[in-house]
2 protein chains.
Amino acid sequence: MADTKKRSLDSDNGTESGPEKKLATGDGDGKDAKQPVADPGSEAGSMLAGFQTEKIMRESSREKNIFIHGKMGSGPNEGQDAVLILEKTPFREDSLAELFKTSELKHQMRNDIYSTYHMHPPAHLNDIKATVVCPATEKHIKKYQSQELFLIQESGEDYRNITLPYIQEQSFSVQWVYNILEKKAEADRIVFEDPDPQNGFVLLPDFKWDQKQLDDLYLIAICHQREIKSLRDLTQEHLPLLQNIQQQGQEAIMKRYSVPSCRLRVYLHYQPSYYHLHVHFTVLGYEAPGCGVERAHLLSDVIQNLQTDTQHYRTRTLTYPLRADDALLHKLREAGRF
Amino acid sequence: MADTKKRSLDSDNGTESGPEKKLATGDGDGKDAKQPVADPGSEAGSMLAGFQTEKIMRESSREKNIFIHGKMGSGPNEGQDAVLILEKTPFREDSLAELFKTSELKHQMRNDIYSTYHMHPPAHLNDIKATVVCPATEKHIKKYQSQELFLIQESGEDYRNITLPYIQEQSFSVQWVYNILEKKAEADRIVFEDPDPQNGFVLLPDFKWDQKQLDDLYLIAICHQREIKSLRDLTQEHLPLLQNIQQQGQEAIMKRYSVPSCRLRVYLHYQPSYYHLHVHFTVLGYEAPGCGVERAHLLSDVIQNLQTDTQHYRTRTLTYPLRADDALLHKLREAGRF
């Protein structure tokens, strides 16, 4: 259990639809890819015709995809375990005219100038991208499985009685954070540093950001102070630190990437992924995983809350999501708090 | 400009790819909704057959939707400007077996255990949700055009001096809201109602949700009181209303959809899409547009904030995103506040 809280490399959004929203391609258990790419367009006939669904592992209504565990019904892999991923394809501008001309249209509702319809295009204008992972091992199957999420209402007392002892028991390692702060790792990735031990911090790109374009800009500020586990530890004495991170973090991003502060969403997570205070900087318009209201706290709000009441984060009931398999959820349940 | 703030039908997430990704329904420039809801499923024939595309205003590969400005080719609105919004629908579990059996499959590539295919289901298994706004004015068209976003820090004073006068000047129509509250429109869509004029509300599915699956569940509670424009108007006297919406809204959703409160994200928007108090209920795990920390305020936090300080939302600096073409942004800029 010691490593359930970790640095997030991929979509660490705590949402059901995609803690690991990725499709691995090409890492078939470490074997090399031996088969050549087949002729595109060759008929695969009814290869999926007898596919037996065992379980829907994940689906996203927003992204129009679905992850299914099942068994192949025919072909060379008949009866073998498979993960089947279906995703509807984006609209193509070059086929819109044909789409309008050839689709069936059913009226659904009308209210003033607004009407809705069901539209049914012919088969050849409907493309679904299907990906098959077969044979799929237990590991593959587990990887695509989504976990249900539950919203927790944690009072200040719950924190002291349940969450804090849990964090202390687990003694999650943040050695990788210390490695960064001490320049033992990733020194070349640092975008900005204020070395002050009290109010200083290191700013570096988050691993989710490949730095190839600005529209998913994502940086993390990690403070030098080592005693602040999370939002729950913050009081007015930390205001200079927080204001410094906000101010200098924004300036450094403007200087390096020419993205002004009015284009930046600056926030903390609660629960965080790791218990050493850090602040997220993402660009507005990028729906970064974890920027949802149920987990993110704007730094500007945190500062205002502390200015009003130094005990704010010690006393408030805080809301956050936990996955069904999170050990903290079990602790809260044991304590009758969920 | 009088109707740039409107009911949201589609992704209303305040992001650049869709700052006001919403489709107003029901507020036809202040006119009453006179048309009755048509028989669901009645044939609309080839109403879109001659649709002439003028411009793709926005599209999302992630969400598989497209916003098109064009002219109606036939029907009563022939030649009139329209906004056409197409969105592919999520996969339906109950039709998967038929999908496997009846789809055409074309092999695309194979690499070790990973294979990809193009899948072409028959027309009746392909549903596209089409929404038509017609006749569409210049304003409607502008509204769907994607725009850059800016983060605003609005103090209580800014609200009183700039934002409030702006809202009052514009006198945005919420006639479509009154149509719902008075049962003149959409009465058949109401999931729950508490008719109390002070603390009562109407709960109905948001237009973004097609109600075919629970993983993008999205409902809206609209209060009967007509004097509350937004979060900024709330004081302790509204606590009974807010607690009632939270309590009864959650219970009604549990009763109708069997989704418990620990699976629900309950929040308000600031700025809202329309200035009549309403509360969003979305299911956890669904990254609903507009649930980002820069625009959403958890109802449970709103209640706590008011319990602590009745003046909270009158005095606090609130952060929110505005599109580059938003008239309010220009007002704030004129006043030197941005």
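Since we're looking at a predicted model, the values are computed, not measured.

### Remarks on the confidence of the model for chain A
Residues and elements named next belong to chain A. Per-residue confidence for chain A gives a mean pLDDT of 85; residues scoring 70 or more make up 86%. Within the model, pLDDT remains below 50 along residues 1–6, and this stretch shows 15 contacts once partners closer than five positions in the same chain are excluded. The ipTM value of the predicted complex is 0.72, and its pTM value is 0.74.

### Structural notes on the sheet that holds strand β6 (residues 114–120) of chain A
Reading across the sheet, the six strands line up as β5(A)-β6(A)-β6(B)-β3(B)-β2(B)-β1(B) and stay open at both edges, with antiparallel pairing between neighbours. Edge positions in the sheet fall to β5 (104–111) of chain A together with β1 (52–60) of chain B, since each has one partner strand and no second. Each strand axis lies, on average, 20° off the axis of its neighbour in the sheet, ignoring direction. Note that β5 of chain A and β6 of chain A share seven bridges and pair antiparallel. Residue pairing across strands places N111 of chain A opposite Y114 of chain A, the latter belonging to β6 of chain A.

### Things to note about empty space enclosed by the protein
Scanning the entire structure with this criterion turns up nine cavities of 30 Å³ or more. Considering only enclosed or pocket space, the largest cavity measures out at about 420 Å³ in volume. For the largest cavity, the lining is made up of 26 residues, of which D301 and N305 of chain A together with H297, D301 and N305 of chain B are closest to its centre. At four residues, helix α6 (residues 299–308) of chain A tops the list of elements feeding residues into the lining of the largest cavity. When grouped by side-chain class, the residues that make up the lining of the largest cavity number eleven nonpolar, ten polar and five charged.

### Examining the sheet that holds strand β11 (residues 264–269) of chain B
All names here are of chain B. Strand order in the open sheet formed by six strands is β8-β9-β10-β12-β11-β13, with antiparallel pairing between adjacent strands. At either end of the open sheet lies a strand with only one pairing partner, and these are β8 (192–194) and β13 (296–298). Sheet twist, expressed as the mean angle between neighbouring strand axes with direction ignored, is 25°. The pairing of β11 with β13 spans three bridges and is antiparallel. Residue pairing in the sheet places L268 in a bridge with H297 of β13. Where helix α5 (residues 239–257) meets the sheet, its contacts fall on β8, β9 (201–205), β10 (218–223), β11 and β12 (278–283), and the angle it forms with β9 comes to roughly 40°.

### Some details on the side chain of S155 of chain A
Residue and element names in this part refer to chain A. With respect to the helices, strands and loops of the structure, S155 is situated in the loop between β8 (149–154) and α3 (156–170). Exposure remark for S155: the relative accessible area of 19% places this residue in the buried category. If near-sequence neighbours (up to four positions away) are discounted, S155 is found in contact with R232, R316 and T317.

### Remarks on helix α8 (residues 327–334) of chain A
Buried within α8 of chain A we find A327, L328, L329 and L332 of chain A. Those residues of α8 of chain A that are buried lie in contact with β8, α3 and β15 (318–323) of chain A.

### Here's the deal with the packing of α3 of chain A against α8 of chain A
Residue and element names in this part refer to chain A. Here α3 crosses α8 at 135°, and the two axes come no closer than 10 Å. Relative to α8, the element α3 lies oblique. Crossing geometry of α3 relative to α8 is assigned as right-handed. Contacts between α3 and α8 pair I162, T163, Y166 and E169 from the former with A327, L328, K331 and L332 from the latter. A class-by-class count of the residues in the contact of α3 with α8 yields five nonpolar, one polar and two charged.

### Looking at the state of the cysteines
Throughout the structure, instances matching the rule amount to zero disulfides over all chains. The cysteine C291 of chain B is free of any disulfide, with C291 of chain A supplying the nearest cysteine sulfur at 7.1 Å.

### Some details on the environment of D158 of chain B
Residues and elements named next belong to chain B. You can see D158 is positioned in helix α3 (residues 156–170). Residue classification places D158 among the buried positions, given a relative accessible area of 6%. Along the primary structure D158 and K101 are separated by 57 residues, whereas in three dimensions their C-alpha atoms are 61 Å apart. Discounting chain neighbours no more than four positions away, the residues touching D158 are Q153, T163 and R337. Here R337 takes part through its side chain, which lies 2.7 Å from a polar atom of the side chain of D158.

### Here's the deal with the packing of helix α5 (residues 239–257) of chain A against α6 of chain A
Two numbers describe a pair of packed helices, the interaxial angle and the distance between the axes. Residue and element names in this part refer to chain A. It is at 10 Å that the axes of α5 and α6 come closest, and there the two elements cross at 155°. In terms of orientation, α5 lies roughly antiparallel with respect to α6. You can see that α5 and α6 cross each other, and the crossing is left-handed. Facing L239, L242, Q243 and Q246 of α5, the residues of α6 in contact are L299, S300, V302, I303, L306 and Q307. When the residues that make up the contact of α5 with α6 are grouped by side-chain class, the tally is six nonpolar, four polar and no charged.

### Some details on the pairing of β1 of chain B
As paired strands, β1 of chain B and strand β2 (residues 65–71) of chain B are joined by seven bridges and run antiparallel to one another. Residue pairing in the sheet places E59 of chain B in a bridge with I66 of chain B of β2 of chain B.

### A short note on unusual backbone geometry
Residue and element names in this part refer to chain A. Y270 connects to Q271 through a cis peptide bond whose omega is -10°. One non-glycine residue with positive phi stands out, namely K64, at about 55°. Here K64 shows up in the loop between β2 (52–60) and β3 (65–71). For E186, which is not glycine, the phi torsion reads 60° and is therefore positive. Among the secondary structure elements, E186 is positioned in the loop between α4 (175–181) and β9 (192–194). Residue classification places E186 among the buried positions, given a relative accessible area of 18%.

About the cut-offs
- Residues numbered from 1 in each chain as written.
- Chains lettered and ligands numbered in written order.
- Predicted model: local features only at pLDDT ≥ 70, side-chain atom pairs only at ≥ 80, totals over all residues.
- Heavy atoms only, no water.
- pLDDT = per-residue confidence, 0-100.
- Contact = heavy atoms within 4.5 Å.
- Pairing = 2+ DSSP bridges.
- Helix = DSSP H or I, 4+ residues; strand = E, 2+ residues; numbered from the N terminus.
- Axes fitted to C-alpha atoms, helices over the stretch in contact; angles between N-to-C directions.
- 1 Å grid on protein atoms, 1.4 Å probe; cavity = no way out; pocket = protein on both sides within 12 Å on 5 of 7 lines; lining within 4 Å.
- Points joined across faces, edges and corners; volume = space filled by probe spheres on them.
- Nonpolar A, V, L, I, M, F, W, Y, C, P; charged D, E, K, R; others polar.
- Buried < 20%, exposed > 50% of the residue type's maximum accessible area, 1.4 Å probe, protein only.
- Parallel < 35°, antiparallel > 145°, perpendicular 65-115°, else oblique.
- Left-handed = near helix turned anticlockwise from the far one by under 90°.
- Disulfide = S-S within 2.5 Å.
- Polar contact = N/O pair within 3.5 Å; in protein donor to acceptor, adjacent residues only side chain to side chain.

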